[in-house]
Amino acid sequence: MKIEKIADNLVLKNGTIIDPYLGKTYEGDVWIKNGKIAGVGNINIPNDSTIINCSGKTITHGFCDIHVHFREPGREDKESLQTGSRAAMAGGFTRVCVMPNTNPPLDTPESINFIIKKAEKCPIHIHPIGAVTKTQGGNDLTEMGLMHQEGAVAFSDDGLPIQDGAMMRIALEYSTLMDLPIINHAEDECLRAEGVMHEGKISTHLGLQGNPDLAESAMVHRDLELAEFTGARLHVPHVSSEKAVHHIRKMKINNEKVTAEVTPHHLFFNDEALRCFNTNLKVAPPIRTEKDRKALIEGVLDGTLDCIATDHAPHTIEDKETTFDLASFGMIGLESCFGAVKKVLVDEEGMTLESLIKLLTVNPRNIMGFDSDLFGEGIEAELIVVDSDQEWTFSREHVQSRSINSPFYNKGLSGKVIHTISCGFITNN
Amino acid sequence: MMLQHKHLLGLEGYPAEDIQTIIDTAFKFREVLDRPIKKVPSLQGVTIVNLFFENSTRTRISFELAQKRLSADTVNFSASSSSLKKGESFKDTAQNIEAMKIDAVVMRHPTPGAPKLLTEFIDAVVINAGDGTHEHPTQAILDMMSLHEKFGKLKGLKIGIVGDISHSRVALSNIYGLLIMGAEVTLCGPPNLIPPFIKELGVEVSTQIDEVIEWADALNVLRIQRERMGLGLVPSTREYRAMFGLTQERLDTHKKEIVIMHPGPMNRGVEIDGTVADGDQAIILDQVLNGVASRMAILYLLCGGKSSEGDES
């Protein structure tokens, strides 16, 4: 994948423009002058323009992923803000939110500032999510107000669920001061116990310790009740079970401040795939049954689940090429995201391409409060060109992340990002 | 190769005819064990590593004896004396062993799937000697051989497995093997030690041991791990004995012949009374001898063919 500075005058010519903000689809050109939108529709193309023929392709907003792990600071051997940016651009993402479970964790205004400063040199927009509690220890609130002033867009102790209900209540109450979402990795640690995969028929077959769906749904239910009680904004990450979808659907009727996300891997795989003990499928929360997978799809289709987020979680080969108990939880997901969700939601489930694009653009942007009118004149270009019909097989060559822990190798995907335009750069994927 | 699979990782999905071949071969080796000189040259020149990442006494001795009876060269490697404690990765350990040109690895490991992972790193034959709470296929084979010896068949037999099913690789391999061979299986134990999804494997579940005794042709009594006591899983040993123990009184009230098995080591007075274990109905020591014969058969069938003579006992 090549990343280059974009030309002073760049024209994306003859594409199908999908504008998820205005909800319009039409044929036309996009003129980008000095990195900003100069015109959309029928353009009088300036003489010195660089022209990219987009006929048969889709031009739309750059994707936004509100849940990634870029491992900086601390584990730059797994990923950095720079390498993570490349992975993002390969997948069509122009904007991401990085989780704070770094080493040290992002639990002070100074550490938030560190990310903001480093992100300025990256070819995509990177927003830090701050920790809810100091050292993510679950006991002591961070300086959320000061962290917000430095640029934190949400708060989460991701990876370390807030077990103490009273602590969660305090965090939600305090977050109303900034009106930013609290994102709680919903897993009851006692119910999860030593579970390494979904507890069900397959875990029984494999003799692997099971993590029941109750570990998620019981915690989601608690958080939903606390959110309603406090009036705070709760965002439920990586929903994995039918039971949790059910709780969220019910609670959303009376509480519009609740939002939720789903990952490509929970939409794509079911626990049958773990039969070969593939540690790249070891993830938290676990890949669950086909029934759960179908419930997640239904949740996406009826709007219970607001957006797609990858939970891109890079790990070294050594962390994954080991026995199942010792293998780290998580998988990379930025590069394979669009091809996976387009295949499941559009090709298999009949969703429109326009609706799918919303799940990757305006919906996550709304949750984080980012501007969504990306085709407006004078707006910095944050666009992608997609070949939505391209069938392709995911392989190592498509990975731009520093880590390679993906379960999507050799899987047939549908829809490929061809160019990503962001921060004055363009990729040729 | 005389079996369809190169390795013996587990009995899930294992071909019935291959299980029968192993049992038939094991009976031939059993005859060798009754001779004054209990040794055949079948695996001369074959090098086998016993790779034990978890403590084991009887399984390891049984394998070692089987290897020696077959004239194989063996090396023992246990985690306590290995570089694992120095932080060497599983992959490095495996590749080091491979580099030393061995023909087969017998491995015990605390993690389900570890033998499968080993096959991805090495070319040698891998035999699973127990992987965590997953499978223990050689134990199930010796159990089936012992049942076959007693009943002359496996098809149609009614087998009860009693104890901590959730944490038992012996139970899981026995379930797979017995169902493949056409037996019926009922599991019995405290409800919290029976996996909630186990019925989907095709077994029955009961919490009433007396019902199971009444139903079964044979009972396989599992060791109740003392570590489980007091962890909220089993309230106490006396409670366990009262509810699930195979006591003499309990056996006496059922006026029927029933075969008693135990994979060992036993907790006498907890899951089984000493008088029951030593009684006429128990075949526990036959299991031990059949364990050596079964493992000889498995090693011979998977690693044999290198030697030109002494194949037949």
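Residues numbered from 1 in each chain as written. Chains lettered and ligands numbered in written order. Predicted model: local features only at pLDDT ≥ 70, side-chain atom pairs only at ≥ 80, totals over all residues. Heavy atoms only, no water.

Things to note about the overall build of chain A
Thought 1: Secondary structure summary: chain A contains 14 helices and 19 strands in total.
Thought 2: Its C-alpha atoms give chain A principal-axis dimensions of roughly 65 × 45 × 45 Å.
Thought 3: Looking at chain A as a whole, 63% of its 429 residues qualify as buried.
Thought 4: Contacts in chain A between residues far apart in sequence, at least 24 positions, make up 75% of those at least 6 positions apart.
Thought 5: Looking at chain A as shown, the accessible area adds up to about 15,500 Å², and 47% of this sits on carbon and sulfur atoms.
Thought 6: Counting 41 positive and 61 negative side-chain charges, chain A places the averaged centre of each group 3 Å from the other. (Helix = DSSP H or I, 4+ residues; strand = E, 2+ residues; numbered from the N terminus. Buried < 20%, exposed > 50% of the residue type's maximum accessible area, 1.4 Å probe, protein only. Contact = heavy atoms within 4.5 Å. Areas by Shrake-Rupley, 256 points an atom, 1.4 Å probe, with all protein chains shown as cover. Lys, Arg positive; Asp, Glu negative; His and termini not counted. Charge placed at Lys NZ, Arg CZ, Asp CG, Glu CD.)

Quick look at unusual backbone geometry
Thought 1: For the bond running from Asn103(A) to Pro104(A), omega is 0°, close enough to zero to count as cis.
Thought 2: In this fold, Pro104(A) is placed in the loop between strand 8 (93-98) and helix 2 (109-119).
Thought 3: Of note, the bond from Gly264(B) into Pro265(B) is cis; its omega dihedral lies within 30 degrees of zero at -10°.
Thought 4: Within the fold, Pro265(B) resides in the loop between strand 9 (259-261) and helix 10 (274-277).
Thought 5: Residues other than glycine seldom take positive phi values, yet Thr135(A) does so here, at roughly 55°.
Thought 6: Within the fold, Thr135(A) resides in the loop between strand 9 (125-128) and helix 3 (144-150).

Focus: the pattern of salt bridges
Residues and elements named next belong to chain A.
Thought 1: Tallied over the full model, the rule gives 28 salt bridges over all chains.
Thought 2: Between Arg169 and Glu173 there is a salt bridge, with the nearest N and O atoms lying 2.9 Å from each other. On the criterion of helical spacing, the pair formed by Arg169 and Glu173 is a turn pair, its members being 4 residues apart in helix 4 (residues 165-175).
Thought 3: Overall, the relative accessible area of 36% leaves Arg169 in the partly exposed class.
Thought 4: On the basis of relative accessible area, Glu173 is assigned to the partly exposed category, the value being 33%.
Thought 5: Close ionic contact of Arg365 with Glu382 constitutes a salt bridge, the shortest N to O distance being 2.2 Å. Of this pair, Arg365 sits in helix 14 (residues 362-368) while Glu382 is found in the loop between helix 14 and strand 17 (383-393), placing the two residues 17 residues apart along the sequence.
Thought 6: Take Arg365: its relative accessible area is 1%, and that puts it in the buried class. (Salt bridge = Lys/Arg side-chain N within 4 Å of Asp/Glu carboxyl O.)

A closer look at the state of the cysteines
Residues and elements named next belong to chain A.
Thought 1: One pass over the full model with this rule turns up 0 disulfides over all chains.
Thought 2: Left unpaired, Cys97 is separated from the closest cysteine sulfur, that of Cys64, by 5.5 Å.
Thought 3: With a relative accessible area of 0%, Cys97 lands in the buried category. (Disulfide = S-S within 2.5 Å.)

A look at the domain arrangement of chain B
All names here are of chain B.
Thought 1: Examined at the domain level, chain B breaks down into domain 1 (16-135 + 291-303) and domain 2 (137-288).
Thought 2: Opposite the 27 residues of domain 1 that make contact, domain 2 presents 25 residues.
Thought 3: Carbon and sulfur atoms supply 62% of the area buried between domain 1 and domain 2, which totals about 2,100 Å² over both sides.
Thought 4: Between Arg30 and Glu149 there is a salt bridge whose closest N-O contact spans 2.8 Å.
Thought 5: Counting across the interface, domain 1 meets domain 2 through 8 residue pairs in polar contact (both at pLDDT 80 or more).
Thought 6: Secondary structure elements with two or more residues in the side of domain 1 that touches domain 2: helix 1 (16-33), helix 2 (58-69), strand 3 (104-109), strand 4 (125-131) and helix 11 (284-303).
Thought 7: When the residues that make up the side of domain 1 that touches domain 2 are grouped by side-chain class, the tally is 11 nonpolar, 9 polar and 7 charged. (Domains from an automatic or database assignment. Buried area = accessible area lost by both parts, 1.4 Å probe. Polar contact = N/O pair within 3.5 Å; in protein donor to acceptor, adjacent residues only side chain to side chain. Nonpolar A, V, L, I, M, F, W, Y, C, P; charged D, E, K, R; others polar.)

Side note on the interface of chain B and chain A
Thought 1: Taken together, the contacts link 21 residues of chain B with 17 residues of chain A.
Thought 2: Taken over both partners, the interface formed by chain B and chain A buries close to 1,500 Å², and the fraction arising from carbon and sulfur atoms is 60%.
Thought 3: When the area that chain B buries against chain A is broken down by residue, the three leading residues are Thr111(B), Pro112(B) and Phe197(B), summing to 27%.
Thought 4: The residue Glu321(A) makes a salt bridge to Lys91(B) at a minimum N-O spacing of 2.6 Å.
Thought 5: On the surface where chain B and chain A come into contact, there are 6 residue pairs in polar contact (both at pLDDT 80 or more).

Side note on the side chain of Ser401(A)
Residue and element names in this part refer to chain A.
Thought 1: Looking at where Ser401 falls in the secondary structure, it is placed in the loop between strand 17 and strand 18 (412-422).
Thought 2: Ser401 sits in the buried class, given a relative accessible area of 8%.
Thought 3: Reaching out from Ser401, the side chain makes a polar contact with the side chain of Glu79 at a distance of 2.7 Å.
Thought 4: Of note is the side chain of Ser401, whose polar atom sits 3.0 Å from the backbone nitrogen of Ser403.
Thought 5: Ignoring any residue separated from it by four or fewer positions in sequence, one finds Ser401 in contact with Lys78, Glu79, Thr83, Ala87, His312, Pro314, Ile332 and Glu335.

Notes on the domain arrangement of chain A
All names here are of chain A.
Thought 1: Assigned domains within chain A: domain 1 (2-59 + 377-390 + 412-428) and domain 2 (62-368).
Thought 2: Of note, the centres of domain 1 and domain 2, computed from C-alpha atoms alone, are 29 Å apart.
Thought 3: The interface of domain 1 with domain 2 comprises 25 residues on the first partner and 29 residues on the second.
Thought 4: Summing both partners gives a buried area of about 2,000 Å² for domain 1 against domain 2, and 66% of it is carried by carbon and sulfur.

Side note on helix 4 (residues 114-121) of chain B
Thought 1: Extensive coverage of helix 4 of chain B is indicated by the burial of 6 of its 8 residues.
Thought 2: Here the buried face of helix 4 of chain B lies against strand 1 (47-52), helix 3 (90-99), strand 3 and strand 4 of chain B.

Observations regarding the environment of Asn290(B)
All names here are of chain B.
Thought 1: With respect to the secondary-structure elements, Asn290 resides in helix 11.
Thought 2: The sequence separation of Asn290 and Ser168 amounts to 122 residues, and the corresponding C-alpha distance is 21 Å.
Thought 3: Within the local environment of Asn290, its side chain forms a polar contact with the side chain of Glu149, the two groups lying 3.0 Å apart.

Here's the deal with the sheet that holds strand 4 of chain B
Residue and element names in this part refer to chain B.
Thought 1: Spatial strand order, 2-1-3-4: 4 strands in an open sheet with parallel pairing. Whereas interior strands pair on both sides, the edge strands pair on one side only; in this sheet they are strand 2 (73-78) and strand 4. The mean angle between the axes of side-by-side strands here comes to 15°, regardless of whether they run parallel or antiparallel.
Thought 2: Relative to strand 2, strand 1 runs parallel, the two being bridged by 6 bridges. (Pairing = 2+ DSSP bridges. Axes fitted to C-alpha atoms, helices over the stretch in contact; angles between N-to-C directions.)

Observations concerning the nonpolar core
Residues and elements named next belong to chain A.
Thought 1: Counting 92 residues, the largest nonpolar core has Ile126, Leu345 and Leu356 as its most contacted members.
Thought 2: The biggest single contributor to this core is helix 12 (residues 337-348), with 7 residues.
Thought 3: Composition of this core by domain shows at least three residues from each of domain 1 (2-59 + 377-390 + 412-428) and domain 2 (62-368).
Thought 4: Not counting residues within four places of it along the chain, the set of residues in contact with Ile126 comprises Phe70, Leu81, Ser85, Val96, Val98, Ile115 and Ala119. (Core = buried A, V, L, I, M, F, W, Y, C linked by side-chain atoms within 4.5 Å.)

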